[in-house]
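Reading the structure
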Amino acid sequence: MIETTGEAIWKITGMSKGPHMVIFGGVHGNELTGIEVVKKIREAIVSGDIVIDRGTLHLILGNPRAIERNTRGSADHVDLNRCFKKDVLDQQDELYERQRAKEIAQILATADISIDLHAMNKPSVPFLCCAVTEAHEKIYQWLDCDRVLADPNYILGGESVTTDEYIDLCGGVGICYETGMAKDLNRIDEVMTDVLNILKDQQMILSDALPTKKNTDARSIYELVHAINLTEAGFQYADGRGAGSFEEFRMGDVIGYVGEDPLIAEFDGVIVFPKIPELQKLGKPLVYLAKRIK
Ligand SMILES: [Zn+2]
């Protein structure tokens, strides 16, 4: 049975009790793969091609206004995936993203698993953003990418701000999957197959056999170390730097210039989430530095 329980929020209840899973696309409105995957899974359930046998599945298009605009948020410099703070359920706020986060957080608060599909505005290999625990690995083992970016110290938002961080706080298991480039539609079928394998593994969908797990032994683990904020002095990358996530630097390298002052790397690492100029904002992070820990 499929019910619409909110704007672009669909709840599918299986025949018997089981896990409660949430699948998100379009938490950022210009990241197309996740939006298409959610729509395709929904269509397959409506047509009867996919039957949820056990548990509860929520399919959510995170930010319908941003999807309509084909932009990250419903207005410039607003970001739904920075609104999932610990006290989100108590917040009274007019901002659309905060209202939406509150509506979605009510679902996440009682869910067991969430898969939040994202994509990047600059080139990047696919990667996972989530905690690295056995429970997380049991879910993300089905997703085809060879690296995980963890943020145990909340460098990204200073506290819990993302869907995966919020469900983790509530006792569930949250995974954010950066599937590739925002406008790239080539991975839709592959990502959908991988996500459905998670549902099969959870026995939410009946299936005879599961394929071999993906990259289980080959995953590199990175940890966020540092955010570089945009200041009045401005920031410019050193020559040839800042093109995309997982670009490597060595200790002592000049990553860029804050005004005239060189920003020198204090460890061997990679840059992640380099913001495109139109998303950069004074006082906010414009890129992050991460370190490989495994
Ligand atoms: Zn995103």
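Quick notes on the rules
Position labels on residues start from 1 in each chain and follow its written sequence. In keeping with the predicted nature of the model, local features appear solely for residues at pLDDT of at least 70, side-chain atom pairs appear and are counted solely at 80 or more, and the whole-chain, interface and lining totals rest on all residues. No hydrogens and no water enter the side-chain calculation; it runs on all heavy atoms of the structure. Strands are runs of DSSP state E lasting at least two residues, helices are runs of H or I lasting at least four, and both sets are numbered from the N terminus onward. Radius of gyration means the value over C-alpha atoms here, while the globule rule gives 2.2 Å times the residue count to the 0.38 power. Categorising residues by exposure relies on relative accessible area from a 1.4 Å probe, with only protein chains included: less than 20% of the type maximum marks a residue as buried, more than 50% marks it as exposed, and the intermediate range marks it as partly exposed. Working rule for contacts: check all heavy atoms of both residues, and any pair within 4.5 Å makes them a contact. To measure how exposed things are, a 1.4 Å probe is used in the Shrake-Rupley method; for residues, cover is taken only from the protein chains shown. Under the convention used here, Asp and Glu are negative, Lys and Arg are positive, and both His and the chain ends fall outside the count. Every charge is mapped to an atom, namely NZ of Lys, CZ of Arg, CG of Asp or CD of Glu. Note: two strands are recorded as paired if DSSP finds a minimum of 2 bridges between them. For helices, the axis comes from a line fit to the C-alpha atoms of the stretch in contact; other axes are also lines fit to C-alpha atoms, and the angle between any two N-to-C directions lies between 0 and 180 degrees. Atoms are scored as donors when they are N, O or S and lie within 2.8 Å of the metal, with 3.2 Å used for Na, K and Ca; no water is included, so coordination may look incomplete. Sites are called tetrahedral only when four donors show all angles between 85 and 135 degrees, square planar or octahedral only when four or six donors show opposite pairs over 155 degrees and all other angles between 65 and 115, and irregular in any remaining case. Domain start and stop points were drawn from an automatic or database domain assignment. Note: buried area is the sum, over both parts, of the accessible area (probe 1.4 Å) each one loses when the two are combined. Salt-bridge detection follows one rule: a side-chain nitrogen of Lys or Arg within 4 Å of a carboxyl oxygen of Asp or Glu.

Looking only at helices and strands, one finds six helices and 15 strands in the protein. Computed over C-alpha atoms, the radius of gyration of the protein comes to 19 Å, within 12% of the 19 Å expected from 2.2 N^0.38 for 294 residues, which places it in the range of a compact globule. Scored against the burial criterion, the 294 residues of the protein give a buried share of 52%. Considering only contacts within the protein whose residues lie at least 6 apart along the sequence, 70% involve residues at least 24 apart. As displayed, the protein offers around 13600 Å² of accessible surface, 48% of which is attributable to carbon and sulfur atoms. Looking at charge distribution, the protein has the averaged site of its 32 positive side-chain charges lying 2 Å from that of its 46 negative ones.

What follows covers the sheet that holds strand β2 (residues 9-13). Pairing in this open sheet of twelve strands is mixed, and the strands run β1-β2-β4-β3-β5-β8-β6-β7-β9-β15-β14-β11 from one edge to the other. Each edge of the open sheet carries a strand with a single partner, namely β1 (2-6) and β11 (247-249). Going across the sheet, the axis of each strand differs from the next one's by a mean of 30°, ignoring polarity. Packing against the sheet, helix α1 (residues 32-47) makes contact with β1, β2, β3 (16-25), β4 (54-61), β5 (113-120) and β8 (173-181), and its axis sits at approximately 135° to β4.

Okay, the coordination of the zinc ion next. The zinc ion binds to the protein through His-28 (ND1), Glu-31 (OE), Glu-31 (OE) and His-118 (ND1), with metal-donor distances spanning 2.0 to 2.4 Å. One can describe the site at the zinc ion as irregular: its four donor atoms subtend angles covering 57 to 150° at the metal. In primary sequence terms, the donor set of the zinc ion follows H-x2-E-x86-H. By the burial criterion, His-28 is buried, and Glu-31 matches it.

With that settled, consider the domain arrangement of the protein. Along its sequence, the protein is carved into domain 1 (2-201) and domain 2 (223-292). Each side of the interface is counted separately: domain 1 has 19 residues, and domain 2 has 21 residues. Of the roughly 1700 Å² buried at the junction of domain 1 and domain 2 (both faces included), carbon and sulfur atoms supply 69%. For the pair domain 1 and domain 2, the number of links is zero salt bridges. Broken down by secondary-structure element, the contributors of at least two residues to the side of domain 1 that touches domain 2 are β6 (127-129) and β7 (147-150).

Before going further, it helps to examine the pairing of strand β14 (residues 269-272). Both β11 and β14 contribute to a ladder of three bridges, which runs antiparallel. Of the residues in β14, the one forming a bridge with Glu-248 is Val-270. Sheet topology places β14 next to strand β15 (residues 285-292); three bridges connect them, and they run antiparallel. By the bridge assignment, Val-272 is partnered in β15 with Tyr-288.

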